[in-house]
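A closer look at the structure
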Amino acid sequence: MGKNVALVLGSGGARGLAHIGAIEALEERGYTITSIAGCSMGSIIAGMYAAGQLKEAKEWFLSVDKQLILRMMDINLLSSNSLVKGQRIIQELQKVVPDCPLENLPIPCTIVASDLMHTEEVVFRTGSLFQAVRASISIPLFFSPVQMGERLLVDGGILNPLPLHVVKRTEGDILVAMDISGKDSMPVNTEYEPIDVEGKLAEITAKGIPVPKSWENQLRSLGKKVDTIREHRAKDLGSKFNFAGMLDRMSDMQIQQNTLLSLRLTPPDIHAVMRQYAYNTFDFDKAEQIIADGKRIMNEALDTYEG
């Protein structure tokens, strides 16, 4: 059985930390990663691994807390199309892995971004590692897009969240996908807790406070009306989305469907999957748990493959 691996790392925000655990699992099982590709968060881990700095990257991510995340948010006050400039996070990453040309990395590394102007994916195999990463992680409306000539680049996951077709292949290698946007259903909760009017009345009377009978009846009537409203809202799924939530859900659906399309067009030999709702996009303070889950998921996929 061949042990050389062409590894593809998907997009998915903080879930991308699972890629670290996935790589550890592959190496511990005796697999050799001979090439790597990624987009969005996957591009960061791909670049750091290809540079031989995965251990240092892991240590850095494990040190990240919510305060550091906030300090890395260089708010873009003058922009009309983004909240954050995105340069500060690149500066922090370069403290772990210095910038270098992609073509000089010890392991072939491919990074994917999306071009807003030409509606096409842009594949980086040469040029600045962190310029490619900065383009690939540019979540629309959050990070500022990256202009390169006549191209305006944003998150690679917009068009191709699992870029299986671009990774460099060698004869006899195994195509492995670490998919962190697995199709999932959004959790639905239609339960609500009724107002305990009788309990509240009992608390008041226990304190010796007299409650007129007419007030009791009015409170009971009001409680029933409020419960009816709360029950309706609990069952009204549309009320669970605000404007930002609706946009976020639409993006999730797009990423899930594009991931499935990529898998159909270029089926991998090994497909490790983390469900999209396992962690939120900005759960970077849960790095240890996400890395451990990534390792477990890859080991399970390898067990199935080696069967």
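Our subject in this report is the structure included herewith. (Residues numbered from 1 in each chain as written. Predicted model: local features only at pLDDT ≥ 70, side-chain atom pairs only at ≥ 80, totals over all residues. Heavy atoms only, no water.)

**Considerations on the overall build of the protein**
Basically, it comes down to this: Numbering of helices and strands starts at the N terminus; helices are DSSP runs of H or I of at least 4 residues and strands are runs of E of at least 2. For every residue, the accessible area obtained with a 1.4 Å probe (protein chains only) is divided by the maximum for its type, and the residue is called buried under 20%, exposed over 50%, and partly exposed between those limits. Values of accessible area rely on a 1.4 Å probe in the Shrake-Rupley scheme; residue burial ignores everything except the protein chains shown.
Scanning the protein from N- to C-terminus turns up 10 helices and 10 strands. Burial statistics for the protein: of 307 residues in total, 46% are counted as buried. With an accessible surface of roughly 16,100 Å², the protein has 54% of that area assigned to carbon and sulfur atoms.

**Quick word on the layout of surface pockets**
If you roll a probe as big as a water molecule over the atoms, it shows you where there is empty space left. We apply this condition: Using protein atoms alone on a 1 Å grid, points that fit a 1.4 Å probe yet trap it form a cavity, whereas open point sets bounded by protein on both sides within 12 Å along at least five of seven lines form a pocket; residues with an atom within 4 Å of a point count as lining. Grid points are joined across faces, edges and corners, and a volume is the space filled by probe spheres set on the points. Residue type decides the class: Asp, Glu, Lys and Arg count as charged, Ala, Val, Leu, Ile, Met, Phe, Trp, Tyr, Cys and Pro as nonpolar, and the leftover types, Gly among them, as polar.
Quantified by volume, the largest pocket comes out at close to 890 Å³. I139, L247, D248, S251 and T281 are the residues nearest the centre of the largest pocket, which is lined by 28 residues in total. Within the residue set of the lining of the largest pocket, elements represented by two or more residues are strand 6 (141–143) and helix 9 (243–265). At 9 residues, the largest contribution of residues to the lining of the largest pocket is made by helix 9. Residue classes in the lining of the largest pocket are distributed as 14 nonpolar, 10 polar and 4 charged.

**Focus: unusual backbone geometry**
Note: most peptide bonds trans; most residues except glycine with negative phi. You will see that S40, though not glycine, has its phi angle at about 55°, which is positive. Following the sequence through the fold, S40 ends up in the loop between strand 2 (32–39) and helix 2 (41–50). One non-glycine residue, T119, lies in the positive phi region at around 50°. In this structure, T119 sits in the loop between strand 4 (109–115) and strand 5 (120–124).

**Thoughts on the pattern of salt bridges**
Convention followed: What makes a salt bridge here is a side-chain nitrogen of Lys or Arg within 4 Å of a carboxyl oxygen of Asp or Glu, nothing more.
Enumeration over the complete set of coordinates arrives at 11 salt bridges. One salt bridge connects R29 with D303, and the closest N-O pair in it is separated by 2.8 Å. Pair noted here: R29 is in the loop between helix 1 (18–28) and strand 2 and D303 is in helix 10 (residues 287–306), with a separation of 274 residues, a long-range link. Residues D283 and K286 are paired through a salt bridge, measuring 3.6 Å at the closest nitrogen-oxygen approach. Classification of D283 as buried rests on a relative accessible area of 11%. Classification of K286 as partly exposed rests on a relative accessible area of 36%. If you follow the salt bridges from partner to partner, you end up with R29, D303 and E306 in one network.

**Re the packing of helix 1 against helix 10**
Rules: The angle between two axes is taken between their N-to-C directions and runs from 0 to 180 degrees, where each axis is a line fitted to C-alpha atoms and a helix contributes only its stretch in contact. Should an angle fall under 35 degrees it is called roughly parallel, over 145 degrees roughly antiparallel, and 65 to 115 degrees roughly perpendicular, with every other angle called oblique. Here a crossing is called left-handed whenever its near helix is offset anticlockwise from the far helix by less than a right angle, and right-handed whenever the offset is clockwise. In this analysis, two residues are considered to be in contact whenever any of their non-hydrogen atoms come within 4.5 Å of each other.
Relative orientation of the contacting elements helix 1 and helix 10 amounts to 45°, with a least axis distance of 6 Å. Considering their axes alone, helix 1 and helix 10 lie oblique with respect to each other. Of the two elements, helix 1 crosses helix 10, and the hand of that crossing is right-handed. Side by side, helix 1 and helix 10 meet where A18, I20, G21, A22, E24, A25, L26 and E28 of the first sit next to I290, I291, G294, K295, M298, N299 and L302 of the second. Looking at the contact of helix 1 with helix 10, its residues break down into 9 nonpolar, 3 polar and 3 charged.

**Some points on helix 2**
Among the 10 residues in helix 2, 10 count as buried, and that is most of the element. Those residues of helix 2 that fall on the buried side of the exposure criterion are M41, G42, S43, I44, I45, A46, G47, M48, Y49 and A50. Immediately downstream of helix 2, the backbone of G52 shows phi near 80°, a positive value.

**Looking at the side chain of S114**
Put simply, the rule is: Whenever a nitrogen or oxygen atom comes within 3.5 Å of another N or O atom, the pair is scored as a polar contact, on the condition that within protein one atom can donate a hydrogen and the other can accept it, and that pairs from neighbouring residues in sequence are kept only if both atoms are in side chains.
Relative to the assigned elements, S114 resides in strand 4. Using a relative accessible area of 2% as the deciding quantity, one classes S114 as buried. There is a polar contact of 2.9 Å between the side chain of S114 and the backbone oxygen of D155. Those residues in contact with S114 that sit more than four places away from it in its chain are E120, E121, L152, L153, V154, D155, G156, I158 and L159.

**Overview of the state of the cysteines**
What counts is decided by this rule: We call a pair of cysteine sulfur atoms a disulfide whenever their separation is within 2.5 Å.
Within the structure shown, the criterion is met by 0 disulfides. Among the cysteines around C100, which has no disulfide bond, C109 carries the closest sulfur, lying 9.0 Å off.

**Notes on the environment of R151**
When you line up the elements, R151 lands in strand 8 (residues 151–154). Placed 29 residues apart in sequence, R151 and V122 show a C-alpha to C-alpha distance of 9.2 Å. If we skip the residues at most four places from it in the chain, R151 touches D115, M117, H118, E120, V122 and V146. A distance of 2.8 Å separates the side chain of R151 from the side chain of E120, its partner in a polar contact.

**Re the nonpolar core**
Side chains that are nonpolar tend, in soluble globular proteins, to be buried together. To keep it simple, the criterion reads: Among the buried residues, those of types Ala, Val, Leu, Ile, Met, Phe, Trp, Tyr and Cys that are joined through side-chain atoms within 4.5 Å form a nonpolar core.
Grouped together as the largest cluster of nonpolar side chains are 68 residues, with contacts concentrated most on I36, F61 and F124. Beyond its immediate chain neighbours, meaning those up to four positions away, I36 contacts L7, L9, I23, A46, Y49, A50, I107, P108, C109, T110 and V167.

**Some details on a nonpolar patch on the surface**
Our working definition: Patch building starts from residues that exceed 30% relative accessible area and form no salt bridge, then joins like charges within 9 Å and nonpolar side chains (Val, Leu, Ile, Met, Phe, Trp, Tyr) within 5 Å.
Together, L141, F243, M246, L247 and M250 line one region of the surface with nonpolar side chains, adding up to about 560 Å² of accessible area. Here the nonpolar patch takes 4 residues from helix 9, the largest share from any one element. Along the chain, the position of F243 falls in helix 9.

Read these as layout, nothing more, since geometry by itself doesn't imply function.
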